[in-house]
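These are the residues of each chain, in order.
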Amino acid sequence: MTSSSQPRAAAVSENLRGAAYMTFAMMAFSVNDIITKSFTGELGVGQMVLLRGLFAIVLVFVMARVVGQLRPLRMAFHPLVALRSIGEVIASYAFITALFHMPIANVSAVMQALPLALTLAAAIFFKESVGWRRLSAVAIGFIGVLIIVRPGAQAFSIYSLYVIVAVLGCVVRDISTRKLSTDIPSLFVTLVTTVLVTVMGGFLALFQPWQPVTQSHVALLAACSVFLL
């Protein structure tokens with residue numbers, strides 16, 4: 001292998017590893033979404049996020065401690081860590097609210113705008129080369145999202161806009177993550193985000209009726225936290 005082909009091979013290897021991680025993550029999120037959807041009409045959004053978050057905080061904290069990725073609390077106030085957490089809080093609230101009021105297939109379809117929005121954000125903030133082919137694909141994709149959302153149509157649901165807000169929150173989250181220094185461990189960032197999302201759930205729960213929690217609810221919430229992790 002020539003010296004010029006070695007960096008190219010390394011880049012391909014990194015891309016494949018990244019794609020594998022992303023595929024596994026999307027599978028886990030999909031299972032989590034299905035379980036979350038099952039709480040519709042049984043638990044409020046705030047109550048569900050709060051209880052799920054308590055499980056998740058314990059899991060992430062233990063895992064971060066085991067692998068040595070806990071850091072001083074002051075690092076949680078790093079501007080990019082804070083911005084990422086805010087994006088996740090917005091995305092979580094908007095997405096779960098939409099999921100409780102819309103068919104999961106519709107929510108998932110609109111969420112497909114996320115990679116399109118990230119492509120544009122990468123071009124704007126990271127000056128990545130996009131090209132007319134990708135731009136054309138992005139434009140066509142956004143037209144498809146508008147067809148699904150159907151703004152102005154009789155069948156339009158206000159919760160479709162919640163999914164759009166979730167997409168924007170995810171863009172903020174992912175762009176912030178991409179800019180984070182590798183000196184800030186991923187599990188520490190995950191722990192900070194999980195705590196803030198859980199606090200958001202507790203705040204919402206103050207203004208929503210508290211529903212009885214069964215053993216099956218507890219089991220499903222614990223499963224949710226595992227898939228989130």
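Predicted model, so just to flag it, every value in this text is computed and none were measured. (Residues numbered from 1 in each chain as written. Predicted model: local features only at pLDDT ≥ 70, side-chain atom pairs only at ≥ 80, totals over all residues. Heavy atoms only, no water.)

Enquirer: Looking at this structure, I do not really get the overall build of the protein. What am I missing?
Expert: When helices and strands are counted, the protein shows nine helices and zero strands. Mapped from its N terminus to its C terminus, the protein presents α and β elements in the order α-α-α-α-α-α-α-α-α. Relative to the 2.2 N^0.38 estimate, which gives 17 Å for 229 residues, the radius of gyration of the protein is 19 Å and therefore close to what a compact globule would have. Counting every position in the protein, which comprises 229 residues, the buried fraction comes to 35%. Looking at the protein as shown, the accessible area adds up to about 13400 Å², and 70% of this sits on carbon and sulfur atoms. The distance from the centre of the 15 positive side-chain charges to the centre of the 7 negative ones in the protein is 5 Å. (Helix = DSSP H or I, 4+ residues; strand = E, 2+ residues; numbered from the N terminus. Rg over C-alpha atoms; globule rule 2.2 N^0.38 Å. Buried < 20%, exposed > 50% of the residue type's maximum accessible area, 1.4 Å probe, protein only. Areas by Shrake-Rupley, 256 points an atom, 1.4 Å probe, with all protein chains shown as cover. Lys, Arg positive; Asp, Glu negative; His and termini not counted. Charge placed at Lys NZ, Arg CZ, Asp CG, Glu CD.)

Enquirer: Mind showing me how you'd approach the state of the cysteines here?
Expert: Each disulfide consists of a covalent bond between the sulfur atoms of two cysteine residues. Summed over the entire model, instances satisfying the criterion amount to zero disulfides. Here C170 stays free of any disulfide, with the sulfur of C224 as its closest cysteine sulfur at 16 Å. A relative accessible area of 7% means that C170 is categorised as buried. (Disulfide = S-S within 2.5 Å.)

Enquirer: Is there a simple way to think about the environment of S129 in this case?
Expert: Here S129 lies in the loop between α5 (113–125) and α6 (131–149). Through-space distance from the C-alpha of S129 to that of D183 is 27 Å; in sequence the pair is 54 residues apart.

Enquirer: Before we go on, may I ask you to explain α5 in this structure?
Expert: Since the α-helix turns once every 3.6 residues, residues separated by three or four places project in the same direction. With 13 residues, α5 should reach 18 Å at 1.5 Å per residue; the first-to-last C-alpha distance of 18 Å fits that figure. Considering only its buried residues, α5 is in contact with α4 (104–111), α6 and α7 (159–179). Once α5 finishes, K127 follows within two positions and takes phi at roughly 60°, a positive value. (Expected span 1.5 Å × (residues − 1). Contact = heavy atoms within 4.5 Å.)

Enquirer: Just to check I follow, could you spell out helix α2 (residues 45–66) for this structure?
Expert: The first and last C-alpha atoms of α2 sit 31 Å apart over 22 residues, in line with the 32 Å expected at 1.5 Å per residue. The complete set of buried residues in α2 reads V45, G46, Q47, M48, V49, L50, L51, R52, G53, A56, V60 and A64.

Enquirer: Can you walk me through the packing of α5 against α7 in this structure?
Expert: How two helices pack is summed up by the angle between their axes together with the distance between the axes. Taken N-terminus to C-terminus, the directions of α5 and α7 make an angle of 50°; their axes are 9 Å apart at the nearest point. One way to sum up the angle between α5 and α7 is to call them oblique. The handedness of the crossing between α5 and α7 comes out as right-handed. Together, A113, L114, A117, L118, A121 and A122 of α5 and V167, C170, V171, D174 and I175 of α7 make up the contact between the two elements. Partitioned by chemical class, the residues of the contact of α5 with α7 number ten nonpolar, no polar and one charged. (Axes fitted to C-alpha atoms, helices over the stretch in contact; angles between N-to-C directions. Parallel < 35°, antiparallel > 145°, perpendicular 65-115°, else oblique. Left-handed = near helix turned anticlockwise from the far one by under 90°. Nonpolar A, V, L, I, M, F, W, Y, C, P; charged D, E, K, R; others polar.)

Enquirer: Whenever I open this one, the pattern of salt bridges confuses me. Can you help?
Expert: A side chain of one charge can pair with a side chain of the opposite charge when the charged atoms of the two come close. Inspection of the entire model under this criterion finds three salt bridges. The salt bridge involving D174 is made with R173; its shortest N-O contact spans 2.7 Å. For R173, a relative accessible area of 15% puts it in the buried group. (Salt bridge = Lys/Arg side-chain N within 4 Å of Asp/Glu carboxyl O.)

Enquirer: Would you take a moment to explain the packing of aromatic side chains for this structure?
Expert: What describes a pair of aromatic rings is the distance from one ring centre to the other and the angle between the planes of the rings. Taken as a whole and assessed by the stated rule, the structure comprises three aromatic pairs. Pairing Y93 with Y162 gives two aromatic rings, centres 6.3 Å apart and planes at 55°, and the pair type is tilted. Here Y162 lies in helix α7 and Y93 lies in helix α3 (residues 79–101), a separation of 69 residues in the sequence. Overall, Y93 belongs to the partly exposed group, its relative accessible area being 32%. Between F203 and F207, the aromatic rings sit 5.1 Å apart at their centres with planes inclined by 65°, giving edge-to-face as the arrangement. The exposure class of F207 is exposed, given its relative accessible area of 61%. (Phe/Tyr/Trp six-rings, centres within 6.5 Å; stacked < 30°, edge-to-face > 60°.)

Enquirer: I would appreciate a short explanation of the nonpolar core in the present structure.
Expert: The tendency in soluble globular proteins is for nonpolar side chains to be buried side by side. Core analysis: the biggest nonpolar cluster contains 36 residues, and F39, V107 and M111 have the highest contact counts within it. Elements supplying a minimum of two residues to this core: α2, α3, α4, α5, α6, α7, α8 (186–205) and α9 (215–228). Residue contributions to this core peak at eight residues, all from α3. Among all residues touching F39, those that are not within four sequence positions of it are M48, F100, H217, L220, L221 and C224. Counting seven residues, the second largest nonpolar core, distinct from the first, contains L180, I184, F188 and V192. (Core = buried A, V, L, I, M, F, W, Y, C linked by side-chain atoms within 4.5 Å.)

Enquirer: When you look at the environment of K179 in this model, what are you seeing that I'm missing?
Expert: One can find K179 in helix α7. Sequence spacing of K179 and F61 is 118 residues, and the spatial spacing of their C-alpha atoms is 23 Å. Those residues in contact with K179 that lie beyond four places of it in its chain are L80 and F126.

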